[in-house]
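# Observations on chain architecture
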Amino acid sequence: MTFAESLRAGQFPVALEITPPQKALPGVLLRRAELLGEAVSVVNVIQRPGRQSSLEASLQLRGGRFEPVWHLVTRGASREDVRAQMQSAAAGGINQLLCIRGDHASGDGADTPTIRETVAMARDLMPGATIGATLNQYAPDAAAAMRNLWPKLKAGASYVQTQPVFDLEALRPAAEAVKAAAPETAVVAMVMPLLTIGAAEKLETRIGMRLPQRLRERLAGGLMDDAWAAFDETLAALSASPLVDAIAIMTLEMDAPEGIGPRIVQGLRISGCLRG
């Protein structure tokens, strides 16, 4: 099944989110995509400055056994840029994309499309594609974040992907709002194993949020088993929640240290996330 088919069937699909290499290195790209092996049904390819583009990397992965999710970044792009990328993606068989603003420094032009406009363009130019938008459950103005989301869903986005989740209760208000207003919209929760307090503090700075105090205390204790137990508990809570339809796993490292992949898969199994 494709990711979209698994969502519709209620199978709780698992995605992996990776960063492409700095240039076209198929071996590196494939190694990163294979981190979780058969446990995942789709691979999200991040778009970052100075790296192989998400579209190029997604097209390379499309030729193998992986279903890629192209991250289409609109910041600084013109409508013609976006249109040309969509046409290339459609010609290459890309059938899933996540429409995002992006966090690089390029400024928008007068012709830069909004995410709502981008979703609508994708609906027209990539018929049958599964289109996603992002949801920041940590946004300072939660009401404004939700108001910004609704036009994207009305334009054709069928799922929302969150920021990393470490506590289901922090996600609950936003996820409940999505399910109440658009119950057919799938919520894909990003999940990330944090194994040290240093990694936790780095992430807090990067995305502008504060981790649950209980998690910080567990990581500060320095016990690897306790850190993994916290990750497993988050997975189990998300798997059991009717508010969450799928998860996307991301690691802090572009190339995760040896043993991380199998341990994540172990957590997916014991938490009930792998249902196929």
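Residues numbered from 1 in each chain as written. Predicted model: local features only at pLDDT ≥ 70, side-chain atom pairs only at ≥ 80, totals over all residues. Heavy atoms only, no water.

### Quick look at the layout of surface pockets
Empty space within the largest pocket amounts to approximately 1000 Å³. Lining the largest pocket are 35 residues, with Ile 100, Gly 102, Asp 103, Thr 134 and Gln 163 positioned closest to its centre. Listing elements by their share of the lining of the largest pocket, those giving two or more residues are β4 (96-100), α5 (115-125), β5 (130-135), α6 (142-155), β6 (159-164) and α8 (197-207). At five residues, the largest contribution of residues to the lining of the largest pocket is made by α6. Tallied by class, residues from the lining of the largest pocket come to 14 nonpolar, twelve polar and nine charged. (1 Å grid on protein atoms, 1.4 Å probe; cavity = no way out; pocket = protein on both sides within 12 Å on 5 of 7 lines; lining within 4 Å. Points joined across faces, edges and corners; volume = space filled by probe spheres on them. Helix = DSSP H or I, 4+ residues; strand = E, 2+ residues; numbered from the N terminus. Nonpolar A, V, L, I, M, F, W, Y, C, P; charged D, E, K, R; others polar.)

### Quick look at the environment of Ala 15
Its place among the elements puts Ala 15 in strand β1 (residues 14-18). In contact with Ala 15, not counting residues within four places along its chain, are Phe 3, Val 40, Val 42, Asn 44, Ile 247, Ala 248 and Ile 249. (Contact = heavy atoms within 4.5 Å.)

### Looking at the nonpolar core
Counting 33 residues, the largest nonpolar core has Leu 238, Val 244, Ile 247, Ile 249 and Leu 268 as the members making the most contacts within it. For Leu 238, the contacting residues outside a window of four places in its chain are Phe 12, Val 165, Leu 168, Leu 171, Ala 189, Val 191, Val 244 and Ile 247. (Core = buried A, V, L, I, M, F, W, Y, C linked by side-chain atoms within 4.5 Å. Buried < 20%, exposed > 50% of the residue type's maximum accessible area, 1.4 Å probe, protein only.)

### Observations regarding the sheet that holds strand β3 (residues 68-73)
Two modes of strand pairing occur in sheets, parallel and antiparallel, and in both the strands are linked by backbone hydrogen bonds. The strand order around the closed barrel built from eight strands is β1-β2-β3-β4-β5-β6-β7-β8, with neighbouring strands paired in parallel fashion. For this sheet, the mean angle separating the axes of adjacent strands, direction not counted, is 30°. As paired elements, strand β2 (residues 42-45) and β3 share three bridges and run parallel to each other. The residue of β3 that forms the bridge with Asn 44 is Val 69. Across the sheet, helix α10 (residues 224-240) lies against β7 (186-191) and β8 (246-250), angled at about 180° from β7, the strand it touches most. (Pairing = 2+ DSSP bridges. Axes fitted to C-alpha atoms, helices over the stretch in contact; angles between N-to-C directions.)

### Observations concerning helix α2 (residues 26-33)
For α2, the complete set of buried residues consists of Val 28, Leu 29, Arg 32 and Ala 33. The buried residues of α2 all sit within an arc of 135° when viewed along its axis, so they share a single face. In α2, the exposed residues that point more than 90 degrees away from the buried face are Pro 26 and Gly 27. Where α2 is buried, its residues meet β1, β2 and α3 (54-62). (Arc of directions from axis to C-beta.)

### Observations concerning the packing of helix α9 (residues 213-220) against α10
It is at 8 Å that the axes of α9 and α10 come closest, and there the two elements cross at 150°. Considered as vectors, α9 and α10 are oriented roughly antiparallel to each other. Seen from α9, the contacting residues are Leu 215, Arg 218 and Leu 219; seen from α10, they are Asp 226, Ala 227, Ala 229, Ala 230 and Glu 233. Here the contact of α9 with α10 is built from residues that sort into five nonpolar, no polar and three charged. (Parallel < 35°, antiparallel > 145°, perpendicular 65-115°, else oblique.)

### Some words on the pattern of salt bridges
A full pass over the atoms with the stated rule returns 13 salt bridges. The salt bridge partner of Glu 204 is Arg 216, with a shortest N-O separation of 3.0 Å. Remark: Arg 216 occurs in helix α9 and Glu 204 occurs in helix α8; sequence separation between them is twelve residues. The network of salt bridges with common partners includes Arg 79, Asp 111, Arg 116 and Glu 117. (Salt bridge = Lys/Arg side-chain N within 4 Å of Asp/Glu carboxyl O.)

### As for helix α7 (residues 168-181)
Between its first and last C-alpha atoms α7 spans 19 Å; for 14 residues at 1.5 Å apiece the expected length is 20 Å, and the two agree. Ala 174 marks where α7 bends most, by close to 30°. Among all positions of α7, only Leu 168, Leu 171, Ala 174, Ala 175, Val 178 and Lys 179 are buried. As for α7, its buried residues are in contact with β5, α6, β6, β7 and α10. Between a side-chain oxygen at the N-terminus of α7 and the backbone nitrogen of Glu 169 the separation is 3.1 Å; the capping residue is Asp 167. (Expected span 1.5 Å × (residues − 1). Bend = angle between axes of the 7 residues up to and from the residue. Polar contact = N/O pair within 3.5 Å; in protein donor to acceptor, adjacent residues only side chain to side chain.)

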